Structure formats: C-alpha cells, structure tokens
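Notes for the structure review
Spelled out, the chains give:
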Amino acid sequence: MTTLERLQALLARDFDLSSEALAPAATLESLDIDSLRMIEILIGIEESFGITVSAEQAEIRARVRTLGDLATYVDELVAAQAAT
C-alpha cells in the first residue's frame, strides 16, 4: 500500500471523507481541512506511520496544498526519520 493509499484510507475512516473526493490533486481546502482538522490528521499520521511531525503549522500549510503534497511530505518524514 502506498503512502497516498494509506492516507486516503486514514482520512476516509477517521475523518468521514468520501473516498471519491480523496484524489491526489484534491486541495486541503476543498476537503474542508482547516488548521484544527490538520492537527487531528497529523496526530493520526504520526500514529499510523510511526513518525513525529515536528514542523510548525504554518510551515506545513505552506508546503502542503493537496493530498498528493501531504503524501510526499509524509514520505520525506519517514525517510528522514528512518535515516536517523
């Protein structure tokens, strides 16, 4: 299962988002993911992927605009934390 597929499953299961809406190009805004919801999602990501997200909310918002961006960001965190 790819990171994107795992994120799609997590968002569909825990945040009641329709799987049809969870395309890689879907913007976080179009999915109604505000800053509070993003914190909840990041906690779910940390638990599901066994990583720590230490970046500030503003930094994440600047880098992550779509679900595909989020998957790429998680892949980078997994790789960085595996290397340490």
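Here's a quick rundown of the structure. What you see as residue numbers is a count from 1 along each chain, following the sequence as written. A pLDDT threshold of at least 70 governs which residues receive local features in this predicted model, and a stricter bar of 80 or more applies before side-chain atom pairs are shown or counted, although totals over entire chains, interfaces and linings include all residues. Only hydrogens and water are set aside; all other atoms, that is, all heavy atoms of the structure, feed into the side-chain values.

**Points about the overall build of the protein chain**
Across its full length, the protein chain holds four helices and zero strands. Radius of gyration: C-alpha atoms only; globule rule: 2.2 Å multiplied by the number of residues to the exponent 0.38. Radius of gyration (C-alpha) of the protein chain: 12 Å, near the 12 Å computed for a compact globule of 84 residues. Seen through its principal axes, the protein chain has C-alpha atoms that stretch 35 × 30 × 20 Å. Burial statistics for the protein chain: of 84 residues in total, 36% are counted as buried. In what follows, residue pairs with any heavy atoms lying within 4.5 Å of each other are defined as contacts. Within the protein chain, contacts between residues at least 6 apart in sequence are counted, and of these 61% link residues at least 24 apart. Where helices and strands are cited, they refer to DSSP runs of H or I of at least four residues and of E of at least two residues respectively, numbered from the N terminus. Only protein chains enter the calculation, and the probe is 1.4 Å; a residue is then buried if its accessible area is under 20% of its type maximum, exposed if over 50%, and partly exposed in between.

**What to know about the environment of glutamate 46**
Inspection of the secondary structure puts glutamate 46 in helix α2 (residues 35-49). For glutamate 46, a relative accessible area of 25% puts it in the partly exposed group. Counting along the chain gives 28 residues from glutamate 46 to valine 74, while the straight-line C-alpha distance between them is 9.3 Å. Apart from the residues lying within four places of it in its own chain, the contact partners of glutamate 46 are Ile51, Thr52 and Val53. In terms of polar contacts, glutamate 46 uses its side chain to reach the backbone amide nitrogen of valine 53, at 2.7 Å. Polar contact criterion, stated in full: a pair of N or O atoms within 3.5 Å, where within protein one must be able to donate a hydrogen and the other to accept it, and residues adjacent in sequence count only if both atoms are side-chain atoms.

**Points about the side chain of threonine 3**
Turning to its location among the elements, threonine 3 is positioned in helix α1 (residues 3-14). Residue classification places threonine 3 among the buried positions, given a relative accessible area of 15%. Within the local environment of threonine 3, its side chain forms a polar contact with the side chain of aspartate 75, the two groups lying 2.4 Å apart. Other than its neighbours up to four places away in sequence, threonine 3 contacts Phe49, Ala71, Val74 and Asp75.

**Comments concerning a negative patch on the surface**
Each patch is built from residues that are more than 30% exposed by relative accessible area and take part in no salt bridge. Like charges join if they lie within 9 Å; nonpolar side chains (Val, Leu, Ile, Met, Phe, Trp, Tyr) join within 5 Å. Residue burial considers only the protein chains on display, and all accessible areas are found by Shrake-Rupley using a 1.4 Å probe. Each reported salt bridge corresponds to a side-chain nitrogen of Lys or Arg within 4 Å of a carboxyl oxygen of Asp or Glu. His is not counted here, nor are the chain ends, while Lys and Arg score as positive and Asp and Glu score as negative. Note on charges: their place is set at NZ of Lys, CZ of Arg, CG of Asp or CD of Glu. A cluster of acidic residues, Glu29, Asp32, Asp34 and Glu40, forms a negative patch on the protein surface. Residue position: aspartate 34 is located in the loop between α1 and α2.

**Digging into unusual backbone geometry**
The backbone phi angle of aspartate 16 is positive, close to 50°, even though this residue is not glycine. Note that aspartate 16 resides in the loop between α1 and α2. Even without glycine at this site, aspartate 32 takes up a positive phi of about 60°.

**What to know about the pattern of salt bridges**
Within the structure shown, the criterion is met by two salt bridges. In this structure, arginine 13 engages aspartate 14 in a salt bridge whose closest nitrogen and oxygen atoms are separated by 2.8 Å. Among the salt bridges present, the one from arginine 63 reaches glutamate 76, with a minimum N-O distance of 2.3 Å. Placement of the pair is arginine 63 in helix α3 (residues 57-63) and glutamate 76 in helix α4 (residues 67-83), with a sequence separation of 13 residues. On the basis of relative accessible area, arginine 63 is assigned to the partly exposed category, the value being 40%.

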